[in-house]
Amino acid sequence: MSALSGIEELLNQQDEPQLSPDEFKTVFRQHPAGVAVVALAHEGRPVGFTATSVISVSAAPPLLAFSLASTSSSWPAVSAADTLTISFLADHQDDVSARFATSGIDRFAAGGWTPLATGEPVIDGAHSWVRARVLQRTPVGDSYLVSLRALQAGSDGTSPLVYLDRTYHRLGDESAI
């Protein structure tokens, strides 16, 4: 039995009311999220997309994860990847986030990225980045939860880009409590 069929079986056993997709999206639009670009090398070319679903899972061992829709144009590359990078965008990179969220374009054509010695792309000027090994791809609903082990990291100390209610935000001294 696959993980997806197990979850679907549990969902089918439950008869309680649930949120509609629009209600669910409304809840998460009100939850601020850091903005990242997940990137990798696939068949000799860079592939990447914007993600606000990156989460820390464990510090020891250093594990993180993100989700990706099974219908994403990046899924075939992620499904075959051994390693990838996550570049956490700086507060001035809303244009980079928008570019990597746009379908049907070469997201890397405008430049602004550098390959690591191992080949994975890192977004130039990112707040921080992590190079990670893919451990598991778990089907959940209409998406995959991709679990990773952190291998390398870098940071430049800039302020991070935040996304809330379909709008980018900057954190500053005035937002500190």
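Quick note: structure is the one above.
Everything numeric in this text was worked out from a predicted model, so none of it was measured.

Looking at chain direction, strand β11 (residues 161–164) and strand β12 (residues 167–170) are connected through 4 bridges and run antiparallel. What sits directly across from Leu161, in β12, is Arg170. Connecting β11 to the next strand, β12, in antiparallel fashion are 2 residues, including Asp165 with a positive phi near 50°.

Spatially, 7 strands are ordered β3-β2-β6-β9-β10-β5-β4 in an open sheet, and the strand pairing comes out antiparallel. Each edge of the open sheet is held by one strand with a lone partner, namely β3 (45–51) and β4 (55–58). Strand-to-strand twist of the sheet, defined as the mean angle between neighbouring strand axes without regard to direction, takes the value 35°. Looking at chain direction, strand β6 (residues 83–88) and strand β9 (residues 128–140) are connected through 6 bridges and run antiparallel. Of the residues in β9, the one forming a bridge with Ile86 is Val130.

What follows is about the pattern of salt bridges. Applying the stated rule across the entire model yields 1 salt bridge. With a shortest N-O distance of 3.0 Å, Arg131 and Glu120 are connected by a salt bridge. Pair noted here: Arg131 is in strand β9 and Glu120 is in the loop between β7 (113–115) and β8 (121–123), with a separation of 11 residues, a long-range link.

So, how was this worked out
Residues numbered from 1 in each chain as written. Predicted model: local features only at pLDDT ≥ 70, side-chain atom pairs only at ≥ 80, totals over all residues. Heavy atoms only, no water. Pairing = 2+ DSSP bridges. Helix = DSSP H or I, 4+ residues; strand = E, 2+ residues; numbered from the N terminus. Axes fitted to C-alpha atoms, helices over the stretch in contact; angles between N-to-C directions. Salt bridge = Lys/Arg side-chain N within 4 Å of Asp/Glu carboxyl O.

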